[in-house]
Amino acid sequence: MHVKFVHDKIKLSRMETSLCERKKIMLFSGKLNKIRAFAMFFIFAGMGVMYLVFLFKNLIILFFSTGLILILTSVGIYFWAGIVSTHSISIQCPSCKKQTKILGKRDECMHCKAILSLEPKDVPVEIQSN
């Protein structure tokens, strides 16, 4: 199976970017990382709702149960993302030469955000002519 390199969304040299910028890119690149970031949001939202008990002590059952539901939703999303991750295709990115996973027919590299595709119609013109 050949993976076609479509194009770079952003041009970042590994030497020029700081560690913080790389982690920011890594957080929201690729479908799997977006799903995991969404689940992480539910964990923090659930904990935040549970901390509201200190402000409104008479609504303790409401806030704890809502926070628990949010955290259990996050556990479900993480479980689902793990199942999807085991069934995804693992390839080497042509741009940064690192291992990444593709969900579906098009996805981004988790490291450099290059768009990767398994569709033959997405091959750039200069590669098709060779």
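You'll find the structure just up there.
The following paragraphs examine the structure supplied in this document.

Conventions adopted
- Residues numbered from 1 in each chain as written.
- Predicted model: local features only at pLDDT ≥ 70, side-chain atom pairs only at ≥ 80, totals over all residues.
- Heavy atoms only, no water.
- Helix = DSSP H or I, 4+ residues; strand = E, 2+ residues; numbered from the N terminus.
- Buried < 20%, exposed > 50% of the residue type's maximum accessible area, 1.4 Å probe, protein only.
- Contact = heavy atoms within 4.5 Å.
- Areas by Shrake-Rupley, 256 points an atom, 1.4 Å probe, with all protein chains shown as cover.
- Core = buried A, V, L, I, M, F, W, Y, C linked by side-chain atoms within 4.5 Å.
- Expected span 1.5 Å × (residues − 1).

The next subject is the overall build of the chain. Scanning the chain from terminus to terminus reveals four helices and five strands. Listing every helix and strand of the chain by position from the N terminus yields β-α-α-α-β-β-β-β-α. Sorting the 130 residues of the chain into buried and exposed places 33% on the buried side. Restricting to contacts in the chain with at least 6 residues of sequence separation, those with at least 24 account for 52%. A total of about 8900 Å² of accessible surface is found on the chain, and carbon and sulfur atoms cover 69% of it.

Of all hydrophobic cores here, the largest spans 13 residues; its most connected members are Leu32, Ile35, Ile77 and Leu103. For this core, the elements supplying multiple residues, two or more each, are helix H2 (31-51) and helix H3 (60-87).

The subject of this paragraph is H2. Between its first and last C-alpha atoms H2 spans 31 Å; for 21 residues at 1.5 Å apiece the expected length is 30 Å, and the two agree. Within H2, burial applies to Leu32, Asn33, Ile35, Ala37, Ala39, Phe42, Gly46 and Val49.

Tracing the backbone through its elements, the reader meets Ser74 in helix H3. Apart from the residues lying within four places of it in its own chain, the contact partners of Ser74 are Ala39, Phe42 and Ile43.

Turning our attention to H3. Relative to the 40 Å expected for 28 residues at 1.5 Å per residue, H3 spans 41 Å between its end C-alpha atoms, a close match to the ideal helical length. Every buried residue of H3 is listed here: Phe63, Gly67, Leu70, Ser74, Ile77, Ala81, Val84 and Ser85. Lining the buried residues of H3 we find H2 and strand S3 (99-102).

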